[in-house]
Amino acid sequence: MSQTMTTKELARKVVNHEETLILDVRNTDEFDDWKIEGGKVEVINEPYFNLLDGVEPVADKLNKDQEIIVVCAKGGSSQMIAEMMEEEGFTNVYDLEGGMKAWSEHLEPVKIADLKDGGSLYQFVRLGKGCLSYFIESNGEAAIVDSNRMISNYEKFAGEEGVQIKHLIDTHLHADHISGGRELAEKTGGTYHLPPKDADEVTFDYAALEEGNDIVVGNTTVNVQPVYSPGHTLGSTSLIIDDKYLLTGDILFVKSIGRPDLAGKAEDWVGDLRNTLYSRYKELSDDLIVLPAHYSFAEELGDDGSVSARLGDLYQNNDGLQVDDENEFRKMVTENLPPQPNAYEDIRKTNMGKITPENEKQREMEIGPNRCAVQG
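Here the structure is a predicted model, which means the values were calculated and not measured.

Here's the deal with the environment of Phe135
Okay, so step 1: Here Phe135 shows up in strand S8 (residues 131–138).
Okay, so step 2: Owing to a relative accessible area of 0%, Phe135 belongs among the buried residues under this scheme.
Okay, so step 3: Phe135 sits 75 residues away from Asp60 along the chain, and the two C-alpha atoms are 46 Å apart.
Okay, so step 4: Discounting chain neighbours no more than four positions away, the residues touching Phe135 are Ser120, Leu121, Tyr122, Phe124, Ala142, Ala143, Ile144, Tyr154, Phe157, Ala158 and Val163.

Structural notes on a nonpolar patch on the surface
Okay, so step 1: A cluster of nonpolar side chains, Phe49, Leu52 and Met80, forms an exposed patch at the surface whose accessible area comes to about 290 Å².
Okay, so step 2: Along the polypeptide, Leu52 turns up in the loop between strand S3 (41–45) and helix H3 (56–59).

Brief notes about the pattern of salt bridges
Okay, so step 1: Using the criterion set out here, one finds 21 salt bridges in the structure.
Okay, so step 2: The residue Asp242 makes a salt bridge to Lys116 at a minimum N-O spacing of 3.9 Å. One end of the pair, Asp242, is in the loop between strand S15 (237–241) and strand S16 (245–249); the other, Lys116, is in the loop between strand S6 (108–114) and strand S7 (120–126), and 126 residues separate them in sequence.
Okay, so step 3: For Lys116, a relative accessible area of 54% gives the class exposed.
Okay, so step 4: Between Asp287 and Arg310 there is a salt bridge; the shortest N-O distance is 2.9 Å. You can see Asp287 sitting in the loop between helix H8 (266–280) and strand S18 (289–292) and its partner Arg310 sitting in strand S19 (residues 309–310), a full 23 residues away along the chain.
Okay, so step 5: By sharing partners, the salt bridges in this structure join Lys101, Glu105, Arg126, Arg149, Glu360, Arg363 and Glu366 into a single network.

Here's the deal with the sheet that holds strand S10 (residues 164–169)
Okay, so step 1: The strand order across the open sheet built from seven strands is S6-S7-S8-S9-S10-S11-S12, with neighbouring strands paired in mixed fashion. One side of each edge strand has no neighbouring strand; the edge strands of this open sheet are S6 and strand S12 (207–208).
Okay, so step 2: Taken together, the five bridges between strand S9 (residues 141–145) and S10 define a ladder with parallel strand orientation. Across the sheet, the residue bridging to Val145 is Ile169, located in S10.
Okay, so step 3: Sitting on the sheet, helix H7 (residues 181–188) is in contact with S9, S10 and strand S11 (191–194), with an inclination near 150 degrees to S10.

Things to note about the sheet that holds strand S5 (residues 93–96)
Okay, so step 1: Strand order across the open sheet formed by five strands is S1-S5-S4-S2-S3, with parallel pairing between neighbours. The sheet is open, and its two borders are formed by strand S1 (3–5) and S3, each paired with just one other strand. Recorded for the sheet is a direction-independent mean angle of 35 degrees between the axes of neighbouring strands.
Okay, so step 2: Here strand S2 (residues 20–24) runs beside strand S4 (residues 68–71); their pairing, made up of three bridges, is parallel. By the bridge assignment, Asp24 is partnered in S4 with Val71.
Okay, so step 3: Contacts from helix H1 (residues 7–15) reach S1, S2, S3, S4 and S5, with the element oriented near 65 degrees to S1.
Okay, so step 4: Along the sheet, helix H4 (residues 76–87) makes contact with S1, S2, S4 and S5, crossing S5 at roughly 175 degrees.

So, the pairing of S10
Okay, so step 1: With helix H6 (residues 152–161) bridging S9 and the parallel S10, this β-α-β connection has right-handed handedness.
Okay, so step 2: Sheet topology note: the S10/S11 ladder contains three bridges and is parallel. Counted as the bridge partner of Leu168 is Tyr192 from S11.
Okay, so step 3: The parallel pair S10 and S11, bridged by H7, forms a crossover whose chirality is right-handed.

Quick word on H7
Because each turn of an α-helix spans 3.6 residues, side chains separated by three or four positions in sequence point in the same direction.
Okay, so step 1: Those residues of H7 not exposed but buried are Gly181, Leu184 and Ala185. Down the axis of H7, the buried set is contained in an arc of 100 degrees. They therefore lie on one face. When the buried face of H7 is taken as reference, the exposed residues oriented beyond 90 degrees from it are Glu186 and Lys187.
Okay, so step 2: Along its buried surface, H7 packs onto S9, H6, S10 and S11.
Okay, so step 3: Positive phi shows up at Gly189, right after H7, with a value of about 75 degrees.

What about the side chain of Ser104?
Okay, so step 1: Tracing the backbone shows Ser104 in the loop between helix H5 (99–103) and S6.
Okay, so step 2: Within polar-contact distance, the side chain of Ser104 engages the backbone oxygen of Lys101 at 2.9 Å.
Okay, so step 3: Those residues in contact with Ser104 that lie beyond four places of it in its chain are Trp34, Arg126, Gly128, Lys129 and Ile367.

Thoughts on empty space enclosed by the protein
Okay, so step 1: Scanning all chains against the criterion turns up one cavity of 30 Å³ or more.
Okay, so step 2: Roughly 30 Å³ of volume is contained in the largest cavity.
Okay, so step 3: Surrounding the largest cavity, Val270, Gly271, Arg274, Glu326, Phe329 and Arg330 form its lining.
Okay, so step 4: For the lining of the largest cavity, the secondary-structure elements that each account for two or more residues are H8 and helix H10 (326–335).
Okay, so step 5: In terms of residue class, the lining of the largest cavity is built from two nonpolar, one polar and three charged.

A short note on the packing of aromatic side chains
Okay, so step 1: Across all of its chains, the model carries seven aromatic pairs by this definition.
Okay, so step 2: Between the aromatic rings of Phe124 and Phe135, the centroid separation amounts to 6.2 Å while the plane-to-plane angle is 35 degrees, which identifies the pairing as tilted. Of this pair, Phe124 sits in strand S7 while Phe135 is found in strand S8, placing the two residues 11 residues apart along the sequence.
Okay, so step 3: An aromatic cluster of three or more residues is present, and its members are Tyr122, Phe124, Phe135, Tyr154 and Phe157.
Okay, so step 4: We note Arg274 situated over the ring of Tyr278; from NZ or CZ to the ring centre the distance is 4.4 Å.
Okay, so step 5: Positioned over the ring face of Phe329 is Arg274, at 5.3 Å from the centre of the ring.

Rules and cut-offs
Residues numbered from 1 in each chain as written. Predicted model: local features only at pLDDT ≥ 70, side-chain atom pairs only at ≥ 80, totals over all residues. Heavy atoms only, no water. Helix = DSSP H or I, 4+ residues; strand = E, 2+ residues; numbered from the N terminus. Buried < 20%, exposed > 50% of the residue type's maximum accessible area, 1.4 Å probe, protein only. Contact = heavy atoms within 4.5 Å. Patch = residues over 30% accessible without salt bridge, like charges linked within 9 Å, V, L, I, M, F, W, Y side chains within 5 Å. Areas by Shrake-Rupley, 256 points an atom, 1.4 Å probe, with all protein chains shown as cover. Salt bridge = Lys/Arg side-chain N within 4 Å of Asp/Glu carboxyl O. Pairing = 2+ DSSP bridges. Axes fitted to C-alpha atoms, helices over the stretch in contact; angles between N-to-C directions. Right-handed = clockwise from strand over helix to strand, strands pointing away. Arc of directions from axis to C-beta. Polar contact = N/O pair within 3.5 Å; in protein donor to acceptor, adjacent residues only side chain to side chain. 1 Å grid on protein atoms, 1.4 Å probe; cavity = no way out; pocket = protein on both sides within 12 Å on 5 of 7 lines; lining within 4 Å. Points joined across faces, edges and corners; volume = space filled by probe spheres on them. Nonpolar A, V, L, I, M, F, W, Y, C, P; charged D, E, K, R; others polar. Phe/Tyr/Trp six-rings, centres within 6.5 Å; stacked < 30°, edge-to-face > 60°. Lys NZ or Arg CZ within 6 Å of the ring centre and 35° of its normal.

Dropping the structure here:
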């Protein structure tokens, strides 16, 4: 039997920037669309069917004593290839338990900061999809922002921290992943918050996430302050925590900016996007720490495995914030769009409550990379 590595063990290696060698045995088209990435991750792709008669196609590229993690779609093929490699004298081979399917669902909590009046802020990094969600806890209460559908991760964490989940907040109606906010609210008795301008078609009750409606978590001074910031969607709303952290949703990322087309409204919303990025955010303090809802590139992971940047630095370094001419900006965000996320229309309908797919179907809908950014 080959050795097995869990997604948790692999996530720690990626987050800690350890040298990691992956042998991905999925078909090349699947690999090209979406793979395991990280600052010190090296990935070799050799489709499974090329190795059925023996591992010679990869044997010459690899050191027999180095650690090699074999990855496939669901974990079956990788186990077989790992065992074949062991028979050929490889001494340190692991297969990734559950494959890319499990990797796409792993959430790794990373502490961002202690808050000034007690409590803490955590970023949950979904390494397999580039989604980022946030857990704010203070004085026995918690708020979760942009939660993923794997809600047991947050429930377990809340239990470990000894806090009660009181608020579930989505910065906008998501189109690339299924939100766990509403389900968590139902399970915990918490309040689900959504921007009303994104909620025209929803089928459920919610609390309006709007400027002026601060959300208090625990100690009264730990306010979550909504800031209306349309552009990715009409209702997109950012949050300021502790006067120091700016949760930007899918409006502003570390290396890029949000795309305005996921509801088919690119031409209509590009003006809102520009106004938010070039006017509304400009009025905020340069010293705010930007915490986005996604990342697209492995190099965005910091030394501690978190994704963040100072707002003032982004105005210097982020290409999406350097386009002074309005027509040039319009061209950039309508012509540099990657493919739409997989099943994004069904994901939006699920997040509106219009459809309720089975769990396995929800997994399928989300498989693949996030595509919420304009690619430069």
